[in-house]
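A look at the structure
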Amino acid sequence: MAAASIHASPAQQWGADFFGTLNELPPDPVEGIGHVLDAMSVLPAFRDARSWMFRGLKIGPGSSVLEAGCGNGSALSDLGSIVGSKGSIVGIDPTTAFVELANQRASQQRINARYQLGDVRSIPFEDEYFDAAFCEKVLIHAGPASAALNEMVRVTRTGGYIGAVEWLPHFLISSRNPDSLHAFNDIFRRATYDYLVSGSLAHHFNMAGLKDVKTEAFLASTDDLDSHPFWRAFIVNQLPMFVHAGLLDQTVGEAFLADIQELQARKEFSASFIIHAAAAQK
Ligand SMILES: C[S@@+](CC[C@H](N)C(=O)[O-])C[C@H]1O[C@@H](n2cnc3c(N)ncnc32)[C@H](O)[C@@H]1O
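Here the structure is a predicted model, which is why all the values come from computation and not from measurement. (Residues numbered from 1 in each chain as written. Predicted model: local features only at pLDDT ≥ 70, side-chain atom pairs only at ≥ 80, totals over all residues. Heavy atoms only, no water.)

**Brief notes about the nonpolar core**
- Core analysis: the largest hydrophobic core is formed by 63 residues, its most contacted members being Phe171, Ile173, Phe184, Trp231, Phe273 and Ile275.
- The residues touching Phe184, leaving out its near neighbours within four places in the chain, are Phe171, Ile173, Ile235, Leu239, Leu248 and Phe256.
- Counting 28 residues, the second-largest nonpolar core is a separate cluster that includes Leu66, Phe125, Val138 and Ala280. (Core = buried A, V, L, I, M, F, W, Y, C linked by side-chain atoms within 4.5 Å. Buried < 20%, exposed > 50% of the residue type's maximum accessible area, 1.4 Å probe, protein only. Contact = heavy atoms within 4.5 Å.)

**Describing the sheet that holds strand β4 (residues 113–117)**
- Pairing in this open sheet of seven strands is mixed, and the strands run β4-β3-β2-β5-β7-β9-β8 from one edge to the other. A single partner strand is all that each edge strand has here, and the edge strands are β4 and β8 (211–222). Strand after strand, the sheet turns through a mean of 15° between neighbouring axes, direction not considered.
- The pairing of strand β3 (residues 88–93) with β4 spans five bridges and is parallel. Bridge pairing in β4 places Ile89 opposite Ala113.
- On the sheet, helix α3 (residues 76–83) packs against β2 (64–68), β3, β4 and β5 (130–136) and is oriented at approximately 150° with respect to β3. (Pairing = 2+ DSSP bridges. Helix = DSSP H or I, 4+ residues; strand = E, 2+ residues; numbered from the N terminus. Axes fitted to C-alpha atoms, helices over the stretch in contact; angles between N-to-C directions.)

**As for the confidence of the model for the protein**
- Mean pLDDT over the protein stands at 94; residues scoring 70 or higher make up 97%.
- Contacts for the low-pLDDT stretch residues 1–5, under 50 throughout, to residues beyond four places or in other chains number four contacts. (pLDDT = per-residue confidence, 0-100.)

**What to know about the environment of Leu172**
- Mapped onto the elements of the fold, Leu172 is located in strand β7 (residues 156–173).
- Distance from Leu172 to Ser272, taken between C-alpha atoms, is 5.3 Å for residues 100 residues apart in sequence.
- Ignoring sequence-local partners within four residues, the contact set of Leu172 consists of Ser270, Ala271 and Ser272.

**Here's the deal with the site of the ligand**
- Neighbouring the ligand are 20 residues; Gly69, Asp93, Thr95, Glu136 and Lys137 lie closest to it.
- Measuring from a nitrogen atom of the ligand, one finds a side-chain N or O atom of Arg121 at 3.2 Å.
- Computed on the free molecule, the ligand has an accessible area of 590 Å², of which 98% lies beneath the protein chains in the complex.
- Under a 2 Å grid-point criterion requiring more than half of the atoms, the pocket assigned to the ligand is the largest pocket.
- Of the residues in the shell around the ligand, the class split is eight nonpolar, six polar and six charged. (Near = heavy atom within 4 Å. Polar contact = N/O pair within 3.5 Å; in protein donor to acceptor, adjacent residues only side chain to side chain. Areas by Shrake-Rupley, 256 points an atom, 1.4 Å probe, with all protein chains shown as cover. 1 Å grid on protein atoms, 1.4 Å probe; cavity = no way out; pocket = protein on both sides within 12 Å on 5 of 7 lines; lining within 4 Å. Sits in = over half its atoms within 2 Å of the grid points. Nonpolar A, V, L, I, M, F, W, Y, C, P; charged D, E, K, R; others polar.)

**Examining the layout of surface pockets**
- When its volume is computed, the largest pocket comes out at roughly 880 Å³.
- Along the wall of the largest pocket there are 46 residues; nearest its centre are Phe18, Phe19, Leu22, Ile33 and His141.
- Mapped onto the lining of the largest pocket, the elements with two or more residues apiece are α1 (27–41), β7, α6 (178–191) and α9 (239–244).
- Of the residues in the lining of the largest pocket, the class split is 28 nonpolar, twelve polar and six charged. (Points joined across faces, edges and corners; volume = space filled by probe spheres on them.)

**Section: the packing of α1 against helix α4 (residues 96–108)**
- At their nearest, the axes of α1 and α4 sit 11 Å apart, and the two run at 50° to each other. Between α1 and α4, the interaxial angle falls into the category oblique. The crossing of α1 and α4 is right-handed. Where α1 abuts α4, its residues Val30, Ile33, Gly34, Leu37 and Asp38 lie against Ala97, Phe98 and Arg105. (Parallel < 35°, antiparallel > 145°, perpendicular 65-115°, else oblique. Left-handed = near helix turned anticlockwise from the far one by under 90°.)

**A few points about the packing of α1 against helix α8 (residues 229–236)**
- The contact between α1 and α8 brings their axes to 8 Å, and the two run at 140°. Taken together, the axis directions place α1 and α8 in an arrangement best described as oblique. Judged by the twist between their axes, the crossing of α1 over α8 is left-handed. Packed against α1, whose contacting residues are Val36, Ala39 and Met40, the element α8 presents Pro229, Phe230, Ala233 and Phe234 at the interface.
- Of the residues assigned to the contact of α1 with α8, the class counts are seven nonpolar, no polar and no charged.

**Quick look at unusual backbone geometry**
- For the bond running from Gly143 to Pro144, omega is 10°, close enough to zero to count as cis.
- Looking at the element boundaries, Pro144 is found in the loop between β6 (142–143) and α5 (145–154).
- Phi angles above zero are rare outside glycine, and Arg110 is one such case at about 50°.
- Its place among the elements puts Arg110 in the loop between α4 and β4.
- The class for Arg110 is exposed, based on a relative accessible area of 78%.

See the structure below:
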């Protein structure tokens, strides 16, 4: 995370990585990122983390819930099945294309949800408006976490709940060349705003004045690159974009891919990473 001046006003301390600038990109890469988000959202470990968090939010039929940094609404069906037709779901996100897709998804699935433009650090709702508020894979990209959490706390009613799901994009992948694996993992360490935030969720929740803070870790793991669409979509298909963005040397990237594809063919492939979830009461 970029160091902030101790004299800076709160808004001057705000920062984000490329996920805060998606409106400036052409439609194709944003659409591609949306597909990766879709694949990620149904990876069993992410679903397990999200389900754990939803249980911690104590939401049920009729609840009103805010998803801050909702992306293209990939959590909608899981959430809709919990809050039901009497519940209400609101999502905010600064990326116009994602908000449009999320609204389309809500009307196709006939779920009572509305998505609108907004920033987690300045949520366009009044105090105590929701029963619960959460974010998933957002604190790693935009913050500081304190600004985001303080806003989620502000718009949640007293006695309501706040949750977060975050991950550490550090992959342990079978590789016969450790340097190329380090180069792959370095992409995310260098490109994310607050790379390590998932390990400090309890601290951030306590600092936001929340009570009864609970956290849990979830392991995403596979021994087959094609066991779920996420693995190939994230590890293989995004590499040209990382090379194009100057985050990975092309030769190193190609060697890395050739190595893991050969290990996959030999049934010697493995990949894993860790996800964290937190939930607490206001
Ligand atoms: C990795 S995506 C996660 C999206 C969604 N939560 C999901 O799990 O699929 C990160 C999201 O954060 C959004 N974002 C970036 N800066 C933000 C900010 N300041 N406030 C709220 N969302 C932000 C991006 O537009 C993007 O949709």
